[in-house]
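The residues making up each chain are set out below.
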Amino acid sequence: MKFIFIFLIILELSLRRSSHSLILKTGVPTKDEIMQNLPTANIQCPYCWETIEVLVDCSVERQEYIEDCSVCCRPITIIVESSDGDVVNIESRTEDE
Ligand SMILES: [Zn+2]
């Protein structure tokens, strides 16, 4: 009975250790780190025509998303086309365009 108890402790310790090293190995970046690595691009708001700076995710070739204008707070549809991690084209439209 005592032997089984010790065995379980050892098993638990080794499991903890392996899960710990797994976290270190993967090194999952925090949300802040991802944000800092994103390039920025200037777009013109289709509502108030102010130039605003937006973060662009170049990991996808073509993507469309909605971001609120930092000046007038209205939703801008942003279409980003990228190639090899660089922005090749960026468009801003009104939400229903
Ligand atoms: Zn605006």
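Because the structure is predicted, anything quoted here is derived from the model rather than measured. (Residues numbered from 1 in each chain as written. Predicted model: local features only at pLDDT ≥ 70, side-chain atom pairs only at ≥ 80, totals over all residues.)

## Concerning the sheet that holds strand β5 (residues 86–94)
Point 1. Overall, antiparallel pairing links the 3 strands, which are arranged β3-β4-β5 in an open sheet. The sheet terminates laterally at β3 (62–68) and β5, the two strands that pair on one side only. Neighbour to neighbour, the strand axes of the sheet diverge by 25° on average, direction disregarded.
Point 2. In terms of strand pairing, β3 meets strand β4 (residues 75–83) through 7 bridges, oriented antiparallel. Within β4, the residue paired with Arg62 across the bridge is Glu81. (Pairing = 2+ DSSP bridges. Helix = DSSP H or I, 4+ residues; strand = E, 2+ residues; numbered from the N terminus. Axes fitted to C-alpha atoms, helices over the stretch in contact; angles between N-to-C directions.)

## Brief notes about the environment of Gly85
Point 1. As for its position among the elements, Gly85 is in the loop between β4 and β5.
Point 2. What makes Gly85 exposed here is the crowd of 8 C-beta atoms within 10 Å.
Point 3. Residues Gly85 and Val60, spaced 25 residues apart in sequence, show a C-alpha to C-alpha distance of 8.4 Å. (Buried ≥ 20, exposed ≤ 12 C-beta atoms within 10 Å, placed from the backbone.)

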